[in-house]
Amino acid sequence: MDFSFNEEQELFRKSVREFCTKNIATRASEIDEKGEIPHEVLESMAGFGLLGITISEEYGGSGADFTTAAIVAGEIARADISMATAVYYLVGAGWGFLMNRYGTRIAKEEILPDVTTGKKFLGIASTEASGGSDIASISTTMEKRNERLVINGAKSFISGVREATRYGGGYVTVVKTDPQLSHKGLSLCYMPVKDTSGVTTSIFKQMGREGISTGTIDINNVEVPEHYLIGEWNSGFYYAMEGFNCARTLVAAACIGAAEKALESGIEYIKERHAFGAPLAKYEGMQFQLADDYTRLESARLLVYKAAWMLDRMYVEDRISQNDVNKAVACAKLVAPTTAFDIIKDVLTWYGAYGYTREAGLERGLRGVYSYIIGAEGAQNIMKLIIGREILGKEFAPH
Ligand SMILES: Cc1cc2nc3c(=O)[nH]c(=O)nc-3n(C[C@H](O)[C@H](O)[C@H](O)COP(=O)(O)OP(=O)(O)OC[C@H]3O[C@@H](n4cnc5c(N)ncnc54)[C@H](O)[C@@H]3O)c2cc1C
């Protein structure tokens, strides 16, 4: 048992922090205010080897494990607590890993090098306007026609729609391939969105994460080659659950990074700020809250890195079951966003009126982290359902 990063991981973490401090933190308010991540920031991330880091080396990635990928997610979110840059990173790393694992060689050769060099965006298109939690009920269909795959339907609340249309790229898309079946009738395929005939998109105005868009994708007779199928026909549900485990671990790691940064700045602030003749940090009312926040952050961090460790053990050593990973990841994704939200809120309050200003930058974190409480990469109640199912067994799963 070891609770610290090894020397290599610690060196890597430090170098990523240095990179993020220089290249992302300096642009964080601009990213939120202008509503986009400057392309040179993405290019520099790619140049530093951060984009698609879990993708194997033959496609330009580093073949990094999830502990390493989680370290990166945390460092990026520290630098941009709005979570926008972390989202761009983590969908590519999480779903890129899945595509790397189950995509066809020809599709991987065509798509993944552009993801790792930052030329193209890669995301996940699962949710539909009728609901996101009940994936088995999606109604976007895919059928084989003349050696092509034809997709019809609509996806909604999808991250990166503007980026995918601007830079190119597309989505690991969840589709129904046997409408008679529930989750066993789902498949996954890659769907490009830029200049794709039959694709139309629109963008939502959101409450946060301004630097990355969220939008809709209408899909009308979109044809993609057969080699864009990811994994086996009608087995998409299982691959999607695997992809969600990867992405959720990185989401949770990003939340930890944002919370850590907020708490550190709060600690500095209460040591400096005086009220009633003493630094705020002298008052027990402050110290008790700090102790609670610190303890919650430590607990969440342990859950997050345990989830990453378990994912790595499952993929590398094949000695941990998918069920145990499901449970560990759901625990991390359940706890980390709420912990981060509460810590950022506390620090914002310690800042007094200054905390309420945009300049303080903390409200960006609140708005961003809340997306993960609402449900990006899976709603909180769904994490509880997964934990319950894994503890009690499928026979106790609610209908
Ligand atoms: C900013 C943002 C970005 C997103 N990006 C993407 C993306 O890139 N790709 C993508 O596919 N999706 C994306 N989503 C959608 C996200 O995956 C969904 O929000 C999530 O899956 C929940 O689906 P829903 O919003 O339709 O809520 P619903 O499924 O309608 O659920 C509504 C509420 O009911 C609760 N609930 C649902 N079922 C149960 C149950 N059985 N028991 C108890 N409570 C339940 C949920 O917890 C939730 O609070 C994004 C969402 C946000 C907010």
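Residues numbered from 1 in each chain as written. Predicted model: local features only at pLDDT ≥ 70, side-chain atom pairs only at ≥ 80, totals over all residues. Heavy atoms only, no water.

Peer 1: Explain the overall build of the protein chain here, please?
Peer 2: When helices and strands are tallied, the protein chain shows 12 helices and 10 strands. Against the compact-globule benchmark of 21 Å for 399 residues, the protein chain has a radius of gyration of 21 Å, which places it among compact chains. When each of the 399 residues of the protein chain is scored for burial, the buried share is 56%. In the protein chain, once contacts between residues fewer than 6 apart in sequence are set aside, the share between residues at least 24 apart is 74%. (Helix = DSSP H or I, 4+ residues; strand = E, 2+ residues; numbered from the N terminus. Rg over C-alpha atoms; globule rule 2.2 N^0.38 Å. Buried < 20%, exposed > 50% of the residue type's maximum accessible area, 1.4 Å probe, protein only. Contact = heavy atoms within 4.5 Å.)

Peer 1: Please clarify how a nonpolar patch on the surface should be interpreted in this entry.
Peer 2: There is a patch of nonpolar side chains on the surface, built from Met1, Phe3 and Leu302 and spanning about 460 Å² of accessible area. Along the chain, methionine 1 falls in the segment before α1 (7-23). (Patch = residues over 30% accessible without salt bridge, like charges linked within 9 Å, V, L, I, M, F, W, Y side chains within 5 Å. Areas by Shrake-Rupley, 256 points an atom, 1.4 Å probe, with all protein chains shown as cover. Salt bridge = Lys/Arg side-chain N within 4 Å of Asp/Glu carboxyl O.)

Peer 1: Can you help me understand the environment of isoleucine 267 in this one?
Peer 2: Counting through the fold element by element, isoleucine 267 comes out in helix α8 (residues 236-272). For isoleucine 267, a relative accessible area of 27% translates into the label partly exposed. Remark: the alpha-carbon pair of isoleucine 267 and serine 15, spanning 252 residues in sequence, is separated by 24 Å. In contact with isoleucine 267, other than residues within four places in its own chain, are Leu290 and Trp350.

Peer 1: Where do I start with the packing of aromatic side chains in this structure?
Peer 2: Aromatic ring pairs: the centre-centre distance and the angle between the two ring planes describe each pair. Under the definition given, this model contains 14 aromatic pairs. Their ring planes at 45° and their centres at 4.5 Å tell us that tyrosine 102 and tyrosine 239 sit as a pair that is tilted. Of this pair, tyrosine 102 sits in helix α5 (residues 84-102) while tyrosine 239 sits in helix α8; the two residues are 137 residues apart in sequence, bridging distant segments of the chain. When its relative accessible area of 22% is taken as the criterion, tyrosine 102 is described as partly exposed. Among the residues examined, tyrosine 239 registers a relative accessible area of 10% and is labelled buried. (Phe/Tyr/Trp six-rings, centres within 6.5 Å; stacked < 30°, edge-to-face > 60°.)

Peer 1: Looking at this model, I keep getting lost on the site of the ligand. Mind explaining?
Peer 2: What surrounds the ligand is a group of 22 residues, the closest being Ile124, Thr127, Gly132, Ser133 and Phe157. The separation between a nitrogen atom of the ligand and a polar main-chain atom of isoleucine 124 is 2.8 Å. Residue glycine 375 places a main-chain N or O atom 3.4 Å away from an oxygen atom belonging to the ligand. Relative to its unbound accessible surface of 960 Å², the ligand loses 66% to contact with the protein. Residue composition of the shell around the ligand, by class: nine nonpolar, 11 polar and two charged. (Near = heavy atom within 4 Å. Polar contact = N/O pair within 3.5 Å; in protein donor to acceptor, adjacent residues only side chain to side chain. Nonpolar A, V, L, I, M, F, W, Y, C, P; charged D, E, K, R; others polar.)

Peer 1: What exactly am I supposed to notice about unusual backbone geometry here?
Peer 2: A negative phi angle characterises most non-glycine residues, just as the trans form characterises most peptide bonds. Backbone geometry places arginine 209, a non-glycine residue, at a positive phi of 50°. Here arginine 209 shows up in the loop between β6 (199-203) and β7 (214-225). If you check the backbone angles, glutamate 377 has positive phi at about 65° while not being a glycine. With respect to the secondary-structure elements, glutamate 377 resides in the loop between α11 (362-374) and α12 (380-392). A relative accessible area of 10% places glutamate 377 in the buried class.

Peer 1: Sorry, what's going on with α8 here?
Peer 2: Compared with the 54 Å implied by 1.5 Å per residue over 37 residues, the 54 Å span of α8 between its first and last C-alpha is a close match. Of all 37 residues in α8, 28 are buried; the element is thus mostly enclosed. (Expected span 1.5 Å × (residues − 1).)

Peer 1: Looking at this model, I keep getting lost on the pattern of salt bridges. Mind explaining?
Peer 2: Any two side chains of opposite charge can pair, on the condition that their charged atoms come close. Scanning all chains against the criterion turns up 30 salt bridges. Close ionic contact of lysine 34 with glutamate 30 constitutes a salt bridge, the shortest N to O distance being 3.8 Å. Within this pair, lysine 34 and its partner glutamate 30 are both found in helix α2 (residues 28-34), separated by four residues, close to a single helical turn. On the accessibility criterion, glutamate 30 (22% relative accessible area) is partly exposed.

Peer 1: Any chance you could explain the domain arrangement of the protein chain here in plain terms?
Peer 2: In many reports, interface size means the accessible area that the parts give up when they come together. Partitioning the protein chain into structural domains gives domain 1 (7-121), domain 2 (122-230) and domain 3 (236-396). If you average the C-alpha positions of domain 2 and of domain 3, the two centres end up 28 Å apart. Facing the 14 residues of domain 2 at the interface are 16 residues of domain 3. Counting the surface domain 2 buries against domain 3, the share from its top three residues, His183, Met207 and Arg209, is 40%. If you look at where domain 2 meets domain 3, you find one salt bridge. (Domains from an automatic or database assignment. Buried area = accessible area lost by both parts, 1.4 Å probe.)

Peer 1: Any chance you could explain helix α9 (residues 284-317) here in plain terms?
Peer 2: Taking 1.5 Å of rise per residue, the 34 residues of α9 would be expected to cover 50 Å, and the 47 Å separating its terminal C-alpha atoms lies within 8% of that figure. Looking one or two places after α9, you find aspartate 318, whose phi comes out positive at around 55°.

Peer 1: Just to check I follow, could you spell out the packing of α8 against α9 for this structure?
Peer 2: The angle between the axes and the distance between the axes are what describe a pair of packed helices. Look at α8 against α9: their axes get within 9 Å of each other, and the N-to-C directions meet at 155°. Looking at the two axes, α8 sits roughly antiparallel to α9. Relative to α9, the crossing made by α8 is left-handed. Where α8 abuts α9, its residues Glu242, Asn245, Cys246, Thr249, Ala252, Ala253, Ile256, Ala259, Glu260, Leu263, Ile267 and Ile270 lie against Met286, Leu290, Asp293, Tyr294, Leu297, Ala300, Arg301, Val304, Ala307, Ala308, Leu311 and Tyr315. The residue makeup of the contact of α8 with α9, split by class, is 18 nonpolar, two polar and four charged. (Axes fitted to C-alpha atoms, helices over the stretch in contact; angles between N-to-C directions. Parallel < 35°, antiparallel > 145°, perpendicular 65-115°, else oblique. Left-handed = near helix turned anticlockwise from the far one by under 90°.)

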